[in-house]
Amino acid sequence: MIILLSAMMLLGGSKAHRAVDAAPIIYQESLAAGVDPYLVASLAWVESRWNPRIRSKTNDCGMMQLNLKFSKFTCHQLFDLRTNVRAGIKAIKYWQKRFGKDFLCHYNSGNKCYRSSRNYAKKIRRTMRKLRRMQW
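Calculation criteria
Once a new chain begins, its residue numbering starts again from 1 and follows that chain's sequence as written. Whole-chain, interface and lining totals are the exception, using all residues; otherwise, since this is a predicted model, local features are given only for residues with pLDDT of at least 70 and side-chain atom pairs are given and counted only at 80 or more. Each side-chain value is derived from all of the structure's non-hydrogen atoms; neither hydrogens nor water enter the calculation. A 1.4 Å probe that fits but cannot get out identifies a cavity on a 1 Å grid over protein atoms alone, an open set with protein on both sides within 12 Å along at least five of seven lines counts as a pocket, and a residue lines either if it has an atom within 4 Å of a point. Grid points are joined across faces, edges and corners, and a volume is the space filled by probe spheres set on the points. Helix and strand assignments come from DSSP, with helices taken as H or I runs of at least 4 residues and strands as E runs of at least 2, each series counted from the N terminus. Ten residue types, Ala, Val, Leu, Ile, Met, Phe, Trp, Tyr, Cys and Pro, are classed as nonpolar, four, Asp, Glu, Lys and Arg, as charged, and the remainder, Gly among them, as polar. Summary of the burial criterion: residues with accessible area below 20% of their type's maximum are buried, those above 50% are exposed, and those between are partly exposed, where the area comes from a 1.4 Å probe applied to protein chains only. Here Asp and Glu are counted as negative and Lys and Arg as positive; His is not counted, and neither are the chain ends. Every case where a carboxyl oxygen of Asp or Glu lies within 4 Å of a side-chain nitrogen of Lys or Arg is listed as a salt bridge. Contact definition: two residues touch when any of their heavy atoms are within 4.5 Å. Two distance rules govern patches: like charges are joined within 9 Å, and nonpolar side chains (Val, Leu, Ile, Met, Phe, Trp, Tyr) within 5 Å, applied only to residues with over 30% relative accessible area and no salt bridge. We get accessible surface area from the Shrake-Rupley algorithm with a probe of 1.4 Å; when it comes to residues, only the shown protein chains can shield them. Lysine's charge is taken at NZ, arginine's at CZ, aspartate's at CG and glutamate's at CD. Any two cysteine sulfur atoms lying within 2.5 Å of each other are counted as a disulfide. One fewer than the residue count of a helix, multiplied by 1.5 Å, yields its expected span. For the purposes of these results, a polar contact is taken to be a pair of N or O atoms within 3.5 Å, where, inside protein, one atom must be able to donate a hydrogen and its partner to accept one; residues adjacent in sequence count only when each atom of the pair is a side-chain atom. Any Phe, Tyr or Trp ring, taking Trp's six-membered ring, that has another such ring centre within 6.5 Å forms a pair; planes under 30 degrees apart are called stacked, those over 60 apart edge-to-face, and the others tilted.

Asker: So what's going on with the layout of surface pockets? Residues and values would help.
Answerer: Estimated volume of the largest pocket: approximately 680 Å³. Taken together, 25 residues line the largest pocket, and the ones lying closest to its centre are Leu66, Asn67, Phe70, Ala91 and Trp95. Elements that contribute at least two residues to the lining of the largest pocket include exactly strand E2 (66–67), helix H5 (81–99) and helix H6 (103–109). With seven residues, the single largest contributor to the lining of the largest pocket is H5. Here the residues of the lining of the largest pocket are counted per class, giving nine nonpolar, ten polar and six charged.

Have a look at this one:
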């Protein structure tokens with residue numbers, strides 16, 4: 001967990017303070033669900049720069065930017081970091097089971113995989129490689 005936290009702090013720059021709250025929850029919830037914590041941290045970074053209280057124009061809420069249409073939670077509930085990470089991991093597993101290796105593209109865009117969604121998936125994989133290399 002310390003390695004993930006240190007990598008997140010290095011990547012975060014001026015947003016590093018958010019890693020202090022996010023890293024332990026990402027680590028615990030990812031391991032409990034059998035999902036790579038570096039994947040979850042990278043996805044959350046690309047989605048929100050680890051901002052737990054962000055809301056998009058399209059009504060995606062929280063650090064993992066979950067769409068209210070596909071979530072059983074309200075936006076207010078998704079501002080809770082642990083709730084958001086758990087729901088985000090559930091969404092990752094859903095898309096992974098349904099679409100296999102293209103799951104990141106579908107996490108971003110739903111049932112259709114657009115070019116912009118493929119670029120999004122590449123950005124997450126790049127961020128994951130960066131996080132893995134950034135260890136104090």
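The structure having been displayed, the exposition proceeds.
Asker: Describe the side chain of Arg18, and please don't skip the residues or the numbers.
Answerer: Residue position: Arg18 is located in helix H2 (residues 16–33). It turns out Arg18 is buried and unbridged, and the closest side chain with the opposite charge, Asp21, is 8.3 Å from it. For Arg18, the contacting residues outside a window of four places in its chain are Ser48, Arg49, Trp50 and Asn51.

Asker: Could you give an account of a positive patch on the surface, with specific residues and numbers?
Answerer: A cluster of basic residues, Arg49, Lys101, Lys122, Lys123, Arg125, Arg126, Arg129, Lys130 and Arg133, forms a positive patch on the protein surface. Relative to the assigned elements, Arg133 resides in helix H7 (residues 115–133).

Asker: How would you sum up the state of the cysteines? Please name residues and give values.
Answerer: Evaluated as defined, the whole model comprises two disulfides. Linked covalently through their sulfurs, Cys61 and Cys75 form a disulfide whose S-S length is 1.8 Å. For the disulfide bridge between Cys61 and Cys75, the dihedral angle about the S-S bond is near -110°, and by the sign convention the bridge is left-handed. Of this pair, Cys61 sits in strand E1 (residues 60–61) while Cys75 is found in helix H4 (residues 75–78), placing the two residues 14 residues apart along the sequence. Each member of the pair, Cys61 as well as Cys75, carries the same accessibility label: buried. Linked covalently through their sulfurs, Cys105 and Cys113 form a disulfide whose S-S length is 1.5 Å. Taking the torsion about the S-S bond as the criterion, the Cys105 to Cys113 disulfide, at about 135°, is right-handed. Here the protein chain pairs its bonded cysteines, counted in sequence order, in the arrangement 1-2, 3-4.

Asker: Quick one: what's the story with helix H3 (residues 37–48), residue by residue and with numbers?
Answerer: The α-helix advances 3.6 residues per turn, and as a result positions three or four apart in sequence lie on the same side. Here H3 spans 16 Å end to end across twelve residues, near enough to the 16 Å set by a 1.5 Å rise per residue. Among the residues making up H3, those that are buried are Pro37, Tyr38, Leu39, Val40, Ala41, Ser42, Leu43, Ala44, Trp45, Val46 and Ser48. Elements that come into contact with the buried residues of H3 comprise helix H1 (2–12), H2, H5, H6 and H7. The opening residue of H3, the one whose side-chain oxygen lies 2.8 Å from the backbone nitrogen of Tyr38, is Asp36. Where H3 ends, the next residue or the one after it, Arg49, has phi of about 55°, a positive value.

Asker: Account for the packing of aromatic side chains, with residues named and values stated.
Answerer: Scanning the model with the defined rule gives three aromatic pairs in all. Pairing Trp45 with Trp50 gives two aromatic rings, centres 4.5 Å apart and planes at 55°, and the pair type is tilted. Here the two residues Trp45 and Trp50 agree in accessibility, since each one is buried. Measuring from centroid to centroid gives 4.8 Å for Tyr94 and Trp95, while their planes differ by 75°, and the two rings are edge-to-face. Residue class for Trp95 comes out buried when judged on its relative accessible area of 9%. Each member of the aromatic cluster is reached from another via a ring pair, and the members are Tyr94, Trp95 and Phe99.

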